[in-house]
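Here's the letter readout for the chains.
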Amino acid sequence: MSRTDFNDLMWFRIVAEERNFTRAAARIGVAQSTLSHTIKRLETNIGLRLLNRTTRNVSPTPAGERLLATIAPRLGEIEDEIAALMVFRDKPSGSLRMTLSDHAFQTVVWPRLKPVLREHPDIRIEFSLDSGFRNIVENGFDAGVRLGESVEKDMIAARIGPDWRMVAVASPAYLPSRDMPKHPRDLVDHDCINMRHETRGGLYAWEFEKDGKEVNVRVDGQLTFNNSYAMVDAVLSGLGVAFLPNTIADPYIASGDLILLLDDWSPYFDGYFLYYPSRRQNLPVFKVVLDALRHRPARS
C-alpha cells in the first residue's frame, strides 16, 4: 500500500472518531475540502461507501465500522512505535491528547504542566475540556482524567490529585432572610443554583453523606449552569446556595465572602486520576506528562 493510501486510512480513522469533518480537519490541520476529497478518493479506491454524511453528522457505514475496527489498533501501534523512537532524540518530544473537566484542568493539570511545557518545547498537548465520560480509545485520546470511582476497570490509572469534596455555600447577603439549613433536605426551601449534567442532560442531585447515610437532594432555583466556575459570581451576588468543589469555594470561605453550610454532611472522596491504555505508558511524551502530574502527598 502506498504512502498516500496509508495517509487516507489515517484520515478516515480521525473522521470516524470525530464524526464531524470540521473537527477532523482541525485536528489534522488541513482544509475541510482537502479532507473530504481524500475520503471520497478512499471510498472510490475501495469501491464502498464508508461514511454516511448528513448536514449535522457523519457516521461510519457497516463497511466503515468494519474497516475502522480493523485499522484502528494497527494504526495506533504504528503511531506508538514511531513516537517511541523519540527516545533517540536529545529532548523528549511528541503529541498527546487528553480529555478532562475544567475543574481538573484548573486545579491539578494546568498548574503542573505549565512549567513542563516551558522546559520541553517539543512536547505538544491538546486538551479537550468537558464533563462528559469520554471513551478515550474510541474518541482518539491518549489519556483522560476522572475521579477515582469513575475510572474504567480496563484502564491503567495513576492518582494525580488529593481527595476533595463538594460543599454547599451561600453569601452573607443571602442568608439573613433565610433559615440556616440543618439537614440537606432543608435546601428544598432555599433558592439553589443548579448544575446540569453534560452527558445525561438532567439536573445534578446534590449528594451528601453522614455517618454512612447518603442523602441526595434535588434543588430548585432561578439559575442553572453546566460549569462550576460560572456559578461563583452568582453565589457571591447572593442569588442562592451553590454546590461547589471545595477547591473552588475554600478561598472565598476563608475570606468570609461565602459561608460553608452543612459541613458535616460533606465528606471527602477520591480525587483525580489520570487513566490511559497500557500501550501508551512507554511513550516518551507520556512519561514526562505522567511524572509531572503524579500526586505526591505532602510529608507530615
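Everything discussed here concerns the structure shown above.
Quick summary incoming for the structure in this document. (Residues numbered from 1 in each chain as written. Predicted model: local features only at pLDDT ≥ 70, side-chain atom pairs only at ≥ 80, totals over all residues. Heavy atoms only, no water.)

A few words on the sheet that holds strand β7 (residues 166-170). One open sheet accounts for three strands, arranged β12-β7-β13; its pairing is antiparallel. One side of each edge strand has no neighbouring strand; the edge strands of this open sheet are β12 (242-245) and β13 (259-261). Pairwise comparison of adjacent strand axes, ignoring direction, gives a mean angle of 50° for this sheet. Across three bridges, the pairing between β7 and β13 is antiparallel. Looking at β13, one finds that A168 is bridged to L261. Contacting β7 and β12, helix α6 (residues 228-236) runs over the sheet at an angle of about 135° to β12. Strands β7, β12 and β13 of the sheet are contacted by helix α7 (residues 246-255), whose axis makes an angle of about 105° with β12. (Pairing = 2+ DSSP bridges. Helix = DSSP H or I, 4+ residues; strand = E, 2+ residues; numbered from the N terminus. Axes fitted to C-alpha atoms, helices over the stretch in contact; angles between N-to-C directions. Contact = heavy atoms within 4.5 Å.)

Core analysis: the largest hydrophobic core is formed by 59 residues, its most contacted members being M98, V145, W206, V241 and L274. Ranked by the residues each element gives to this core, the list is headed by helix α8 (residues 284-293), at seven residues. Ignoring anything within four residues of it in the chain, the contact list for W206 reads L187, C192, I193, N194, V215, N216, V217, V219, V241, A242 and F243. Core analysis: the second largest hydrophobic core is formed by 20 residues, V15, A16, F21 and A25 among them. (Core = buried A, V, L, I, M, F, W, Y, C linked by side-chain atoms within 4.5 Å. Buried < 20%, exposed > 50% of the residue type's maximum accessible area, 1.4 Å probe, protein only.)

Right, let's talk about a negative patch on the surface for a bit. The grouping of E149, E207, E209 and E214 at the surface amounts to a negative patch. Of note, E214 is situated in strand β10 (residues 213-217). (Patch = residues over 30% accessible without salt bridge, like charges linked within 9 Å, V, L, I, M, F, W, Y side chains within 5 Å. Areas by Shrake-Rupley, 256 points an atom, 1.4 Å probe, with all protein chains shown as cover. Salt bridge = Lys/Arg side-chain N within 4 Å of Asp/Glu carboxyl O. Lys, Arg positive; Asp, Glu negative; His and termini not counted. Charge placed at Lys NZ, Arg CZ, Asp CG, Glu CD.)

Turning our eyes to something else, we now look at the pairing of β10. Pairing between strand β9 (residues 206-210) and β10: five bridges, direction antiparallel. The partner of K210 across the bridge, within β10, is K213. Taken together, β9 and the strand that follows it, β10, pair antiparallel across an intervening segment of two residues, in which D211 is found at a positive phi of about 50°.

Considering the arrangement of structural elements, one finds P62 in helix α4 (residues 62-84). The spatial distance from the C-alpha of P62 to the C-alpha of D211 is 52 Å, given a sequence separation of 149 residues.

One pass over the structure, following the stated rule, counts 15 salt bridges. Of the charged contacts, one joins D264 and K210 as a salt bridge, the two residues approaching to 2.7 Å between their closest N and O atoms. A residue pair is termed long-range when its members are at least 10 positions apart, and D264 in the loop between β13 and β14 (272-276) and K210 in strand β9 qualify at 54 residues. Judged by relative accessible area, D264 falls into the partly exposed class, the value being 49%. Taken together, the shared-partner salt bridges connect R13, E17, E18, R23, R27, R97 and E126 into one network.

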